[in-house]
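Understanding the architecture of this molecule
Residues per chain are reported as follows:
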Amino acid sequence: MITPGIWKKSSFSGGGQGDACVEVAHRHPHIAIRDSKVPARATLTFPARAFTAFIDGLSKEP
C-alpha cells in the first residue's frame, strides 16, 4: 500500500462543501486517487506514466 502525500482537489469540485470529486496525490513513482466524500476508504494507485497518458487521452477532442 502506498501512503500518499498531499491530496489535491480539483478546482471544479462542485458546490456545497466541495466534496463531490476525486482527490489526487503524487507519491513517486505513483499517482494515488481517492473519493473526497470518503477519504478514509481505499485508494487507487497507478504508475505516474499510465495516469499521465490517461489524463492526456481525456483532454483530446474526439
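The sections below set out a description of the structure shown in this document. (Residues numbered from 1 in each chain as written. Predicted model: local features only at pLDDT ≥ 70, side-chain atom pairs only at ≥ 80, totals over all residues. Heavy atoms only, no water.)

Per the stated rule, a full pass over the model turns up 3 salt bridges. The shortest N-O distance in the salt bridge between Glu 23 and Lys 9 comes to 3.9 Å. Here Glu 23, found in strand β2 (residues 22-27), pairs with Lys 9, found in strand β1 (residues 8-9); they are 14 residues apart in sequence, far enough to count as distant. Of the residues examined, Lys 9 reaches a relative accessible area of 38% and is grouped as partly exposed. (Salt bridge = Lys/Arg side-chain N within 4 Å of Asp/Glu carboxyl O. Helix = DSSP H or I, 4+ residues; strand = E, 2+ residues; numbered from the N terminus. Buried < 20%, exposed > 50% of the residue type's maximum accessible area, 1.4 Å probe, protein only.)

Enumeration over the complete set of coordinates arrives at 2 aromatic pairs. Pairing Phe 51 with Phe 54 gives two aromatic rings, centres 6.5 Å apart and planes at 40 degrees, and the pair type is tilted. Within this pair, Phe 51 and its partner Phe 54 are both found in helix α1 (residues 48-59), separated by 3 residues, close to a single helical turn. Judged by its relative accessible area of 14%, Phe 51 is buried. Through a chain of ring-to-ring contacts, three or more aromatic side chains come together here, namely Phe 46, Phe 51 and Phe 54. (Phe/Tyr/Trp six-rings, centres within 6.5 Å; stacked < 30°, edge-to-face > 60°.)

Turning next to the environment of Glu 23. Here Glu 23 falls in the buried class, since its relative accessible area comes to 9%. Between the alpha carbons of Glu 23 and Ile 6 there is a distance of 9.6 Å; along the sequence they are 17 residues apart. Leave out the neighbours within four places in its chain, and Glu 23 touches Trp 7, Lys 8, Lys 9, Ala 32, Ile 33, Arg 34 and Ser 36. Looking at Glu 23, its side chain comes within polar contact range of the side chain of Arg 34, at 2.6 Å. (Contact = heavy atoms within 4.5 Å. Polar contact = N/O pair within 3.5 Å; in protein donor to acceptor, adjacent residues only side chain to side chain.)

Strand order across the open sheet formed by 4 strands is β1-β2-β3-β4, with antiparallel pairing between neighbours. Lying at the two open borders of the sheet, with one neighbouring strand each, are β1 and β4 (44-47). With 4 bridges connecting them, strand β3 (residues 30-35) and β4 associate as antiparallel partners. The residue bridging Ile 31 from the neighbouring strand is Phe 46, located in β4. (Pairing = 2+ DSSP bridges.)

Scope: geometric values only; no functional claims are made or implied.
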